Each structure stands twice: as structure tokens, then as C-alpha cells.
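Spelled out, the chains give:
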Amino acid sequence: KAVISSAEVEKVIQPSIDRARDLKSRPLGPRLPKRVTRSYDEESPLGNLLADLILRTVAKADVALMNGGGLRADLPAGELTYGALYEAFPFDNQLTTVRLTGSDLAAVLADNLTGKHGFLSVAGVRAKARCSESSLTVQLTREDGRAVAAKETLLVVTNDFLAAGGDDAFRSARLAKDAVNVQEGVLLRDAIAGLLGAEKNE
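Draft legend 1. Geometry of a nonpolar patch on the surface. Together, Val9, Val12, Ile13 and Ile17 make up an exposed nonpolar region whose accessible area comes to about 340 Å². Positionally, Val9 belongs in helix H1 (residues 7–24).

Given below as C-alpha cells:
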């Protein structure tokens with residue numbers, strides 16, 4: 001059966017279409033000199049970039065984690081728009097913090113490197129993986145080279161998908177009941193866009 005357009009329906013939805021078009025084309029500030037590429041199962045420029053930006057959304061965060069499965073498009077070269085960020089990071093994941101010990105974070109990253117889920121991009125610490133016989137261990141250091149102690153508590157900023165068990169990301173972590181804090185209604189993508197917009201206006 002043929003679909004017949006309705007002038008009445010078009011009149012009702014047109015304001016929403018116009019708002020979406022304006023939001024899609026809204027410049028965020030940065031101008032990218034070249035395409036920023038993604039990858040699902042290995043380290044990528046886009047994963048690293050978003051992890052760095054996510055870390056900066058929470059002032060006291062020690063670490064940020066971004067999952068490869070959340071990356072769905074490259075960022076094109078040129079002026080960065082909200083629409084391009086949306087296409088690269090289309091899920092309405094909420095900003096979430098998780099408190100982990102250094103040993104638990106090392107176990108999370110070791111699991112990720114030996115598992116089948118998307119690669120976890122990391123910001124705030126450096127991870128060095130080492131294979132010995134049949135096991136893999138991860139050693140964590142701060143950006144300035146200081147070792148992360150096994151019992152040290154870290155504030156990790158990520159998304160509610162991972163914190164809720166997505167990709168089995170935290171299955172090896174011994175999470176306390178109050179270790180996870182989901183900032184209800186705060187979309188991680190919009191927090192990143194707001195951060196970039198604030199820098200543009202400084």
C-alpha cells in the first residue's frame with residue numbers, strides 16, 4: 001500500500017526536524033586536521049581521544065574507560081560538530097563513576113585483553129601487559145611514572161553500560177555496594193560536548 005504524506009503530520013513534526021538539524025550542525029569548537037579512526041578490538045585513535053575527554057568530565061577522576069563497542073563511526077576531518085560526535089558515539093549512555101582498587105583495575109584490563117569483547121581504551125594511567133606461561137598480568141603506573149598500588153582506591157569514570165555488567169567488563173572486580181554511581185540523566189556524549197563547548201568559549 002502506498003504511503004501518502006500528510007500535510008497536517010508534517011506541520012506537527014517539522015519543528016522537531018528543524019531542531020534536530022540545528023543540533024546536528026552545531027559546531028563544538030575543535031577543528032580536526034585528519035580523520036580520527038575507530039576500532040572494535042584493538043587500540044584506536046578515537047578510543048584514546050574519547051577516553052581522554054571522558055576523564056576530564058569528572059574533576060577528581062583518576063581513570064577513564066571507553067569500550068570499543070561504543071564506537072560506531074570515525075570522526076571526519078574538519079570542524080567537529082555535534083552530529084559527527086553523535087554518529088561516532090550514538091548510545092545514550094549515562095556518565096558513571098566506579099571505585100576500584102588498583103589490583104581490581106589491573107584484573108579488569110587483563111580480562112579485557114584476553115577476552116572477546118571490545119577493546120577498553122584507558123586514560124589516566126598506563127597499563128603494561130606481560131605474559132608469563134599461561135597467564136597475563138597487567139602493571140599500572142600513573143602518567144608521571146608512579147606505580148599504582150594494589151590497594152589504592154581509584155575513581156574510574158565510564159558509562160552505565162559497562163558499570164551494569166556490559167561486556168563483562170567488571171566481572172573480576174570486587175565491587176562494593178556503593179562503588180557505582182550513575183549520574184542519572186547525564187549523557188556521557190553530552191558531557192563531552194559540553195566540555196568542548198566550554199573550552200571554545202574560554
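Draft legend 2. Fine view of the sheet that holds strand S2 (residues 63–67). If you walk across this open sheet you meet the five strands as S5-S2-S8-S4-S9, and the pairing is mixed. Looking at the sheet topology across the chains shown, the edges are occupied by strand S5 (120–123) and strand S9 (180–187). Adjacent strand axes in the sheet meet at a mean angle of 25 degrees, parallel and antiparallel pairs treated alike. Sheet strands in contact with helix H2 (residues 45–55) are S2, S5 and strand S8 (153–159), and its direction is about 140 degrees off that of S2. Here helix H4 (residues 102–114) sits on the sheet in contact with S2, strand S4 (94–101), S5 and S8, set at roughly 115 degrees to S4.

Draft legend 3. View of the pattern of salt bridges. Throughout the structure, instances matching the rule amount to nine salt bridges. A salt bridge links Arg21 to Asp18; the shortest N-O distance between them is 3.0 Å. With Arg21 and Asp18 both in helix H1 and three residues apart, this pair spans about one turn of that helix. Looking at Arg21, the relative accessible area reads 48%, which means it is partly exposed. For Asp18, a relative accessible area of 30% corresponds to the partly exposed category. Its salt-bridge partner being Arg126, residue Glu143 comes within 3.2 Å of it at the nearest N-O pair. Of this pair, Glu143 sits in the loop between strand S7 (135–142) and S8 while Arg126 sits in strand S6 (residues 125–132), and the two are 17 residues apart along the sequence. For Arg126, a relative accessible area of 53% translates into the label exposed. Among the charged side chains, a network of salt bridges with common partners joins Arg35, Arg38 and Asp74.

Draft legend 4. Here's a closer look at the side chain of Asp160. Position of Asp160 relative to the elements: it lies in helix H5 (residues 160–163). One buried charged residue, Asp160, remains without a salt bridge, the closest side chain of opposite sign being Arg189 at 10 Å. Reaching out from Asp160, the side chain makes a polar contact with the backbone nitrogen of Gln94 at a distance of 2.7 Å. When residues no more than four places from it in sequence are discounted, the contact partners of Asp160 are Asn93, Gln94, Thr96 and Val182.

Draft legend 5. Representation of unusual backbone geometry within the structure. Phi at Asp167 is positive, roughly 60 degrees, even though this residue is not glycine. Here Asp167 shows up in the loop between H5 and S9. Residues other than glycine seldom take positive phi values, yet Asp168 does so here, at roughly 55 degrees. Mapped onto the fold, Asp168 is located in the loop between H5 and S9. Asp168 sits in the partly exposed class, given a relative accessible area of 43%.

Draft legend 6. Representation of the nonpolar core. Counting 30 residues, the largest nonpolar core has Leu50, Leu75 and Ile192 as its most contacted members. Within the residue set of this core, elements represented by two or more residues are strand S1 (27–32), H2, S2, helix H3 (82–88), S8 and helix H6 (188–201). For this core, the leading source of residues is H2, giving six residues. Filtering out sequence-adjacent residues up to four positions away, Leu75 remains in contact with Leu32, Arg35, Val36, Leu46, Leu49, Leu80, Ala84, Leu85 and Ala88. Within the second largest apolar cluster, 21 residues are counted, among which are Leu100, Leu105, Ala163 and Ala173.

Draft legend 7. Summary view of the packing of aromatic side chains. By the definition in use, this model includes one aromatic pair. Ring centres of Tyr82 and Tyr86 lie 6.4 Å apart, and the angle between their planes is 45 degrees; on these two criteria the pair is classed as tilted. In this pair, Tyr82 and Tyr86 both sit in helix H3, four residues apart, roughly one turn of the helix.

Calculation rules
- Residues numbered from 1 in each chain as written.
- Predicted model: local features only at pLDDT ≥ 70, side-chain atom pairs only at ≥ 80, totals over all residues.
- Heavy atoms only, no water.
- Patch = residues over 30% accessible without salt bridge, like charges linked within 9 Å, V, L, I, M, F, W, Y side chains within 5 Å.
- Areas by Shrake-Rupley, 256 points an atom, 1.4 Å probe, with all protein chains shown as cover.
- Salt bridge = Lys/Arg side-chain N within 4 Å of Asp/Glu carboxyl O.
- Helix = DSSP H or I, 4+ residues; strand = E, 2+ residues; numbered from the N terminus.
- Pairing = 2+ DSSP bridges.
- Axes fitted to C-alpha atoms, helices over the stretch in contact; angles between N-to-C directions.
- Contact = heavy atoms within 4.5 Å.
- Buried < 20%, exposed > 50% of the residue type's maximum accessible area, 1.4 Å probe, protein only.
- Lys, Arg positive; Asp, Glu negative; His and termini not counted.
- Polar contact = N/O pair within 3.5 Å; in protein donor to acceptor, adjacent residues only side chain to side chain.
- Core = buried A, V, L, I, M, F, W, Y, C linked by side-chain atoms within 4.5 Å.
- Phe/Tyr/Trp six-rings, centres within 6.5 Å; stacked < 30°, edge-to-face > 60°.

Purely geometric numbers; function is a separate question.
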